[in-house]
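Listed here are the chains, written in short residue letters.
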Amino acid sequence: MKPQKPLNIANLSEAPAFTALSVNKKPSDHKIVHIGIGAFSRAHQALYTQIANDKTGSHWTIVGVSLRSPGVRNTLKQQDYLYTIMERSLSRTNLRCITCLEDIVVGSEDPNSVLEQLASEPTKIVTITVTEKGYCQKNQHLDTSNADVAADIKSGLPTTMPAYLAHGLLKRKNMGLAGLTIISCDNLPNNGEILKNVVKDFAYTLDTDLGLWIDANVKFCSTMVDRIVPAATAQVIEAISEAVGLVDEGALLCEPFRQWVIEDNFAGTRPEWEAAGALLVTDVAAYEKLKLRMLNGCHSAIAYIGTLLGDEYIHETIARPTVQEFIRRLMGDEQSQSLEVPRGIDITAYSETIIERFENKYVPYRNAQVATDGSLKLPQRLLFSALDLNNKGISAEFIALSVAAWVSYLMVYQKTKGYSVNDPNLALLETIVAANIDSAEAVVQHLIAEAGVFPQPLQSDAEFTDAIIRHLIKIQEEGVERAISVVITR
Ligand code: CS2
């Protein structure tokens with residue numbers, strides 16, 4: 001039966017799965033400010049904090065920050081910031097109510113409300129999920145040619161993540177508050193270091209001493225985060241609301257799998273996230289590389305191949321035997337060969353788990369969602385692996401085909417506009433593709449040289465360039481599935 005009443009504290013006892021829950025809404029003196037309070041962070045970091053609270057009796061709360069849209073705040077405010085996570089696979093369905101989210105502030109409505117949270121005494125930790133483009137970086141430093149960054153420097157009011165953090169830290173410094181720990185949870189290698197660089201670069205534009213204060217008082221942790229959490233749809237909200245027995249407009253569906261590896265580099269206290277299964281390590285680099293190349297690299301390859309095949313979802317594309325074999329080989333022959341597997345990880349089992357996770361049709365994930373922002377994702381997901389393989393004398397045929405699928409995806413879009421392409425560099429990509437639309441060779445060469453996507457040494461790798469062109473021509477002439485069949489039977 002369709003529920004009528006909303007999920008909130010007063011109605012909680014009417015949700016059979018949650019009757020035993022007690023919600024602690026007392027003000028907390030241990031807060032985490034989370035910038036970028038989207039579906040991923042609510043089903044990942046918030047869950048780790050919730051479990052750590054539940055297991056240890058601690059009372060850490062999260063204040064979410066949405067830099068632009070008030071949507072999530074508007075939805076969750078009416079529900080006392082409670083929401084459900086449904087973990088789902090063939091063999092498992094689990095419902096959980098998250099109660100540790102305290103509030104959400106919206107930067108576009110009131111930038112000061114964000115700065116106040118960053119510069120409040122109880123705030124000990126800031127976690128970040130703003131996606132690749134939110135870092136406003138170029139070569140791991142602040143990109144001052146980025147229009148939003150330039151506007152933030154000029155106006156003195158923040159709109160970008162680096163500007164918010166720098167202003168917030170300045171406020172903390174001026175108020176004589178202690179430093180804090182800032183944790184990047186985005187899919188970027190070396191994410192803690194990049195975050196530190198962009199924040200410090202912005203800090204120097206505000207106050208010459210702020211950089212020194214940051215060095216002395218603020219710690220940045222790199223992390224590897226992993227969980228497949230699609231953007232919630234109306235169907236998901238309806239199905240979860242029915243399962244809960246209350247209407248939950250903020251409900252999220254995700255896979256049961258989750259992983260969080262955190263660099264143990266804290267300025268002060270933190271939740272006992274290890275009680276929720278997080279791994280605290282001295283160096284996360286190897287874990288980041290493993291996950292970015294094995295999972296995200298293959299995810300992107302599937303997204304472009306799947307879009308060319310007209311598939312809506314990742315699970316549909318991975319169910320095609322040729323694609324599945326291709327992804328296994330991309331992982332086994334190339335991505336895994338390009339990196340050092342962290343000790344204790346069985347790479348074959350890890351790869352098979354990734355395939356199973358992609359196959360999880362109970363958590364449908366759109367190819368279009370993974371395909372977004374390709375120009376910012378391709379380097380760490382596929383291109384750096386090609387570079388490392390090249391240095392080892394191993395050819396990168398499967399990677400080249402995946403890159404050719406991305407090029408073909410841009411070309412088909414240019415010609416047909418049959419789907420939308422979301423990418424912050426779309427204008428430049430379109431210009432390059434449009435000028436060379438009749439020649440696979442020219443399009444690849446100009447994208448490699450001018451799109452700002454391909455790392456320098458790879459630009460002069462003629463063998464890699466030729467392989468992309470060869471696969472692109474095959475895709476154009478015989479279709480992507482045939483192009484894949486050729487490489488997997490070699
Ligand atoms: C995906 C990731 O949309 C994407 O680009 O590859 O969001 C992926 O689902 C997560 O990184 C999994 O941990």
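Residues numbered from 1 in each chain as written. Predicted model: local features only at pLDDT ≥ 70, side-chain atom pairs only at ≥ 80, totals over all residues. Heavy atoms only, no water.

A. Local environment of the sheet that holds strand 10 (residues 219–221). The parallel open sheet is built from six strands, whose spatial order is 5-2-1-6-9-10. In this open sheet, the two strands that pair with only one neighbour each are strand 5 (101–106) and strand 10. The mean inter-strand angle of the sheet, taken between neighbouring strand axes irrespective of direction, is 20°. Here strand 9 (residues 181–184) runs beside strand 10; their pairing, made up of three bridges, is parallel. Across the sheet, the residue bridging to Ile-182 is Phe-220, located in strand 10. Most of the contacts of helix 4 (residues 111–118) go to strand 5, to which it runs at about 140°, and overall it touches strand 1 (31–35), strand 2 (61–66), strand 5 and strand 6 (123–128). (Pairing = 2+ DSSP bridges. Helix = DSSP H or I, 4+ residues; strand = E, 2+ residues; numbered from the N terminus. Axes fitted to C-alpha atoms, helices over the stretch in contact; angles between N-to-C directions. Contact = heavy atoms within 4.5 Å.)

B. Region of interest: the site of the ligand. As a structural note, the neighbourhood of the ligand is formed by 14 residues, with Asn-187, Asp-226, Lys-291, His-299 and Lys-377 the closest of them. At 2.9 Å, a side-chain N or O of Asn-187 approaches an oxygen atom of the ligand. One of the side-chain nitrogen or oxygen atoms of Asn-296 is found 3.0 Å away from an oxygen atom of the ligand. Considering the ligand on its own, with 340 Å² of exposed area, one finds that the protein chains cover 90% of that surface. When residues of the shell around the ligand are assigned to their parent elements, the largest contribution, four residues, is made by helix 10 (residues 285–309). For the shell around the ligand, a count of residues per class yields five nonpolar, four polar and five charged. Summarising the domain contributions, the shell around the ligand has at least three residues from each of domain 1 (12–283) and domain 2 (286–488). (Near = heavy atom within 4 Å. Polar contact = N/O pair within 3.5 Å; in protein donor to acceptor, adjacent residues only side chain to side chain. Areas by Shrake-Rupley, 256 points an atom, 1.4 Å probe, with all protein chains shown as cover. Nonpolar A, V, L, I, M, F, W, Y, C, P; charged D, E, K, R; others polar. Domains from an automatic or database assignment.)

C. View of the sheet that holds strand 13 (residues 259–263). One open sheet accounts for three strands, arranged 11-13-14; its pairing is mixed. Strands at the two margins of the open sheet, each flanked by one partner only, are strand 11 (223–226) and strand 14 (279–281). On average, each strand axis in the sheet is tilted by 15° relative to the strand beside it, whichever way the strands run. Here strand 11 pairs with strand 13 via four bridges, running antiparallel. Each residue of the ladder has a partner; that of Met-224, found in strand 13, is Val-261. Each of strand 11, strand 13 and strand 14 touches helix 10; the most contacted strand, strand 11, lies at about 35° to it.

D. Region of the structure containing the nonpolar core. Among the nonpolar cores identified, the biggest contains 72 residues, and Phe-326, Ile-327, Trp-406 and Phe-464 are the most heavily contacted of them. Sorting elements by how many residues they give to this core places helix 16 (residues 397–416) first, with 13 residues. Counting 36 residues, the second largest nonpolar core, distinct from the first, contains Val-105, Cys-136, Met-161 and Leu-180. (Core = buried A, V, L, I, M, F, W, Y, C linked by side-chain atoms within 4.5 Å. Buried < 20%, exposed > 50% of the residue type's maximum accessible area, 1.4 Å probe, protein only.)

E. The arrangement of the pattern of salt bridges in detail. The final tally for this structure, using the stated rule, is 25 salt bridges. Residue Glu-397 pairs with Arg-490 through a salt bridge whose shortest N-O separation is 3.3 Å. One end of the pair, Glu-397, is in helix 16; the other, Arg-490, is in the segment after helix 21 (480–488), with 93 residues separating them in the sequence. The salt bridge involving Glu-478 is made with Lys-474; its shortest N-O contact spans 2.9 Å. Placement of the pair is Glu-478 and Lys-474 together in helix 20 (residues 462–478), with a separation of four residues, close to one helical turn. The exposure class assigned to Glu-478 is partly exposed, which follows from its relative accessible area of 40%. For Lys-474, a relative accessible area of 25% corresponds to the partly exposed category. It is possible to trace a salt-bridge network through shared partners that takes in Glu-87, Arg-92 and Arg-227. (Salt bridge = Lys/Arg side-chain N within 4 Å of Asp/Glu carboxyl O.)

F. Structural context of the pairing of strand 4 (residues 92–98). The pairing of strand 3 (residues 83–89) with strand 4 spans seven bridges and is classified as antiparallel. Paired with Arg-88 across the bridge in strand 4 is Thr-93. Remark: two residues form the turn of the hairpin made by strand 3 and strand 4, two consecutive strands paired antiparallel.

G. Quick peek at the domain arrangement of the chain. Taken domain by domain, the chain consists of domain 1 (12–283) and domain 2 (286–488). Here the C-alpha centroids of domain 1 and domain 2 sit 29 Å apart. Residue-level contacts link 31 residues of domain 1 with 23 residues of domain 2. Both faces considered, domain 1 and domain 2 share a buried interface measuring about 2200 Å² in area, 61% of it formed by carbon and sulfur atoms. Counting across the domain 1 and domain 2 interface gives four salt bridges. Its salt-bridge partner being Arg-357, residue Glu-255 comes within 2.6 Å of it at the nearest N-O pair. (Buried area = accessible area lost by both parts, 1.4 Å probe.)

H. Looking closely at helix 17 (residues 426–435). Within helix 17, burial applies to Leu-426, Leu-429, Ile-432 and Val-433. The buried side chains of helix 17 occupy one side of the element, clustering within an arc of 130° when seen end-on. Facing away from the buried surface of helix 17 by more than 90 degrees, the exposed residues are Ala-427, Thr-431 and Ala-435. Tucked into the core, helix 17 has its buried residues touching helix 15 (374–392), helix 16 and helix 18 (440–450). (Arc of directions from axis to C-beta.)

I. Here's a closer look at the packing of helix 16 against helix 17. For the pair helix 16 and helix 17, interaxial distance at closest approach is 10 Å and the crossing angle is 80°. Comparing their axes, helix 17 and helix 16 come out roughly perpendicular. Across the interface between the two elements, Trp-406, Leu-410, Met-411, Tyr-413 and Gln-414 of helix 16 pack against Leu-426, Leu-429, Glu-430, Val-433 and Ala-434 of helix 17. (Parallel < 35°, antiparallel > 145°, perpendicular 65-115°, else oblique.)

J. Main features of the packing of helix 6 (residues 161–175) against helix 7 (residues 191–206). Where helix 6 meets helix 7, the axes come as close as 8 Å, and the angle between the chain directions of the two elements is 60°. Here helix 6 is positioned oblique relative to helix 7, judged by the angle of their axes. Here helix 6 and helix 7 pass one another in a crossing that is right-handed. Here helix 6 contributes Met-161, Pro-162, Ala-163, Leu-165, Ala-166, His-167, Leu-169 and Leu-170 to the contact with helix 7, which in turn contributes Leu-195, Val-198, Val-199, Phe-202, Ala-203 and Leu-206. The class makeup of the residues in the contact of helix 6 with helix 7 is 13 nonpolar, one polar and no charged. (Left-handed = near helix turned anticlockwise from the far one by under 90°.)

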